[in-house]
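Working through the structure, step by step
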Amino acid sequence: GGQTGTGSDAPSRTAVDGFGDAYVAALANVSSVMTQGSVTKIAGDRSHCIDRDLSGTIDTSDGATRLPLGTDECVLWRAPVGDPEAVPQALAVHVGAAGSAGSPWVGTWNEQRFYRLDPRNVSVADTVDVEVKPFGAVAAPGDWIWIAGREPAPAGLQRFHAVTGGLDPVVPAPAECDPYGIAVDSAGRVWIGGTAGYLCRYDPADGSWISVAMPRANATGVDVSSADVVWAVSYDTTAVTLSQFPSTDPTAIVGTDVPGDTSLAVAVDDFGYVWTVNRDSSTVTRFNAGTAETAQFPTGRGPVAYSDFVGVERTIIATSGTWYADFERCD
């Protein structure tokens, strides 16, 4: 993803819409030469790809060997977002109307601004200026987008309304809560991971915070499953631990050590697998929640993802939708 297809793009944040298509935000913050951040949309199914050369087949990469920039027909579009050095560092897909794919919102760190992109033609449809530097974002019930803001100090949360653009005041986080990964549960409570050894939960209904001690010091990744189970990954120099507990009972925490090195993010899919993204081992780890079996798979160099990279988070707040498939009749 990105404007150049090189390491200068620094693709990082990801989100999945209601049709299974993926968005990737490229930070462009690792080079003094190429600093234009961007968002790329990638089809989640071959039926969504576009036969641009009219060859009758879809040209796309099915493995580790990528096609030259601009030739993969499952890459639907890419577009610059914000000014150079804006650093798009937060990404969430607003649920939108029932049956729609939803609209991606991308937040830029240095501009402190969110852009809503039209999923069809990549144009900027709306902007909202916020009061924190966005490090992550998640869609929440009631058409809200919550932001994990690490700066300016003290760190905190802020939300804006994806329909009206209304902005609520910043909610300062307790000292032990250091916003990195962000997720919401079915009740609209916001969970954040951090580097101080705690997972923290904010309840907008009553303004309360709770802190849950994690087994290891760095607990940046958090996700909530469709069964309303909170999953967190924490790591230190010795091991990586995957922890789980019901969103209603953080005391019922259970942890399992899993393979990987510097596991920054976690997500749960609809098949009962829990995935961790392991930056320093350049792998992802798959954990079977039913059998506790693990498997590890190679990725590109230094993978990073703090957002809803499998798309299940949005199903927690999208209470209705549309399912479709093509059927071929019998003779």
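Placed above this text is the structure.
Residues numbered from 1 in each chain as written. Predicted model: local features only at pLDDT ≥ 70, side-chain atom pairs only at ≥ 80, totals over all residues. Heavy atoms only, no water.

Quick notes on the overall build of the protein chain
A count of helices and strands for the protein chain gives 1 helix and 24 strands. Against the 2.2 N^0.38 benchmark of 20 Å for 331 residues, the protein chain shows a C-alpha radius of gyration of 19 Å, consistent with a compact globule. For the protein chain, the C-alpha atoms occupy an extent of roughly 55 × 45 × 45 Å along the three principal directions. Buried residues in the protein chain amount to 51% of all 331 residues. Restricting to contacts in the protein chain with at least 6 residues of sequence separation, those with at least 24 account for 44%. Across the protein chain, the centroid of the 20 positively charged side chains sits 3 Å from that of the 40 negatively charged ones. (Helix = DSSP H or I, 4+ residues; strand = E, 2+ residues; numbered from the N terminus. Rg over C-alpha atoms; globule rule 2.2 N^0.38 Å. Buried < 20%, exposed > 50% of the residue type's maximum accessible area, 1.4 Å probe, protein only. Contact = heavy atoms within 4.5 Å. Lys, Arg positive; Asp, Glu negative; His and termini not counted. Charge placed at Lys NZ, Arg CZ, Asp CG, Glu CD.)

Section: the side chain of aspartate 228
Along the chain, aspartate 228 turns up in the loop between strand 17 (218-224) and strand 18 (229-235). Despite its burial, aspartate 228 remains without a salt bridge, the nearest opposite charge being carried by arginine 189 at 4.9 Å. Side chain to side chain, aspartate 228 and serine 186 meet in a polar contact 2.7 Å long. (Salt bridge = Lys/Arg side-chain N within 4 Å of Asp/Glu carboxyl O. Polar contact = N/O pair within 3.5 Å; in protein donor to acceptor, adjacent residues only side chain to side chain.)

Overview of the sheet that holds strand 20 (residues 254-258)
As summarised here, the arrangement of the 4 strands in space is 17-18-19-20, forming an open sheet in which the pairing is antiparallel. The two strands at the open ends of the sheet, each matched to only one other strand, are strand 17 and strand 20. The sheet shows a mean angle of 20° between the axes of neighbouring strands, taken without regard to direction. Relative to strand 19 (residues 240-246), strand 18 runs antiparallel, the two being bridged by 7 bridges. Bridge pairing links valine 229 to proline 246 in strand 19. (Pairing = 2+ DSSP bridges. Axes fitted to C-alpha atoms, helices over the stretch in contact; angles between N-to-C directions.)

Re the sheet that holds strand 12 (residues 171-172)
Pairing between the strands of a sheet comes from backbone hydrogen bonds, and it takes one of two forms, parallel or antiparallel. Pairing is antiparallel in the open sheet, where 4 strands are placed in the order 9-10-11-12. Each edge of the open sheet is held by one strand with a lone partner, namely strand 9 (133-140) and strand 12. Relative to strand 12, strand 11 (residues 156-161) is paired through 2 bridges, and the arrangement is antiparallel. In the sheet register, leucine 157 faces strand 12, and the bridge partner there is valine 171.

What to know about the nonpolar core
Among the nonpolar cores identified, the biggest contains 42 residues, and Trp146 and Leu199 are the most heavily contacted of them. For this core, the leading source of residues is strand 10 (residues 144-151), giving 5 residues. Beyond its immediate chain neighbours, meaning those up to four positions away, tryptophan 146 contacts Gly136, Ala137, Val138, Ala140, Leu157, Gln158, Arg159, Ile182, Val184, Val190, Tyr202 and Pro204. Ranked by size, the runner-up nonpolar core spans 18 residues in total, among them Leu27, Trp231, Val268 and Phe287. (Core = buried A, V, L, I, M, F, W, Y, C linked by side-chain atoms within 4.5 Å.)

Some words on the packing of aromatic side chains
A ring pair, where both rings are aromatic, is described by two values, the distance of the centres and the angle of the planes. Here the structure, examined in full by the defined rule, presents 11 aromatic pairs. Geometrically, the ring pair formed by tryptophan 109 and phenylalanine 135 is edge-to-face, given 6.3 Å between the ring centres and 75° between the ring planes. Linking tryptophan 109 in the loop between strand 6 (103-108) and strand 7 (113-117) with phenylalanine 135 in strand 9, this pair joins segments that are 26 residues apart in sequence. The pair formed by tryptophan 109 and phenylalanine 135 is uniform in burial state, with each residue classed as buried. Both rings, one in tyrosine 273 and one in tryptophan 275, keep their centres 6.5 Å apart while their planes meet at 65°; by these two values the pair is edge-to-face. Relative accessible area serves as the criterion here: at 26%, tyrosine 273 is assigned to the partly exposed category. Each member of the aromatic cluster is reached from another via a ring pair, and the members are Trp105, Phe114 and Phe160. The positively charged end of arginine 13 is found above the aromatic ring belonging to phenylalanine 135, 4.6 Å away from the centroid. (Phe/Tyr/Trp six-rings, centres within 6.5 Å; stacked < 30°, edge-to-face > 60°. Lys NZ or Arg CZ within 6 Å of the ring centre and 35° of its normal.)

Some words on the environment of glycine 311
By the secondary structure assignment, glycine 311 is in the loop between strand 24 (294-298) and helix 1 (313-317). Overall, the relative accessible area of 10% leaves glycine 311 in the buried class. Sequence separation of glycine 311 and glutamate 131 is 180 residues, and the distance between their C-alpha atoms is 27 Å.

Quick word on unusual backbone geometry
Proline 152 follows glutamate 151 through a cis peptide bond whose omega is -5°. Within the element layout of this structure, proline 152 appears in the loop between strand 10 and strand 11. Alanine 153 connects to proline 154 through a cis peptide bond whose omega is -5°. Examined against the element boundaries, proline 154 turns out to sit in the loop between strand 10 and strand 11. Positive phi values are uncommon outside glycine, yet serine 282 reaches one of about 50°. Here serine 282 shows up in the loop between strand 22 (273-278) and strand 23 (283-288).

Some points on the state of the cysteines
Inspection of every chain in the model, using the stated rule, returns 2 disulfides. Between cysteine 49 and cysteine 74 runs a disulfide, and the two sulfur atoms are separated by 2.0 Å. Given an S-S torsion of about 95°, the disulfide between cysteine 49 and cysteine 74 has right-handed geometry. With cysteine 49 in the loop between strand 3 (38-42) and strand 4 (75-80) and cysteine 74 in the loop between strand 3 and strand 4, this residue pair connects regions lying 25 residues apart in the sequence. Like cysteine 74, cysteine 49 is buried. Note on cysteine connectivity: cysteine 177 is disulfide-linked to cysteine 200, with sulfurs 2.1 Å apart. Across the disulfide from cysteine 177 to cysteine 200, rotation about the S-S bond amounts to roughly -90°, and the bridge is consequently left-handed. Within this pair, whereas cysteine 177 is found in the loop between strand 12 and strand 13 (182-184), its partner cysteine 200 is found in strand 15 (residues 198-203), the two being separated by 23 residues in sequence. Neither cysteine 177 nor cysteine 200 differs from the other in exposure class; each is buried. Going through the protein chain in sequence order and numbering each bonded cysteine, the pairs you get are 1-2, 3-4. (Disulfide = S-S within 2.5 Å.)

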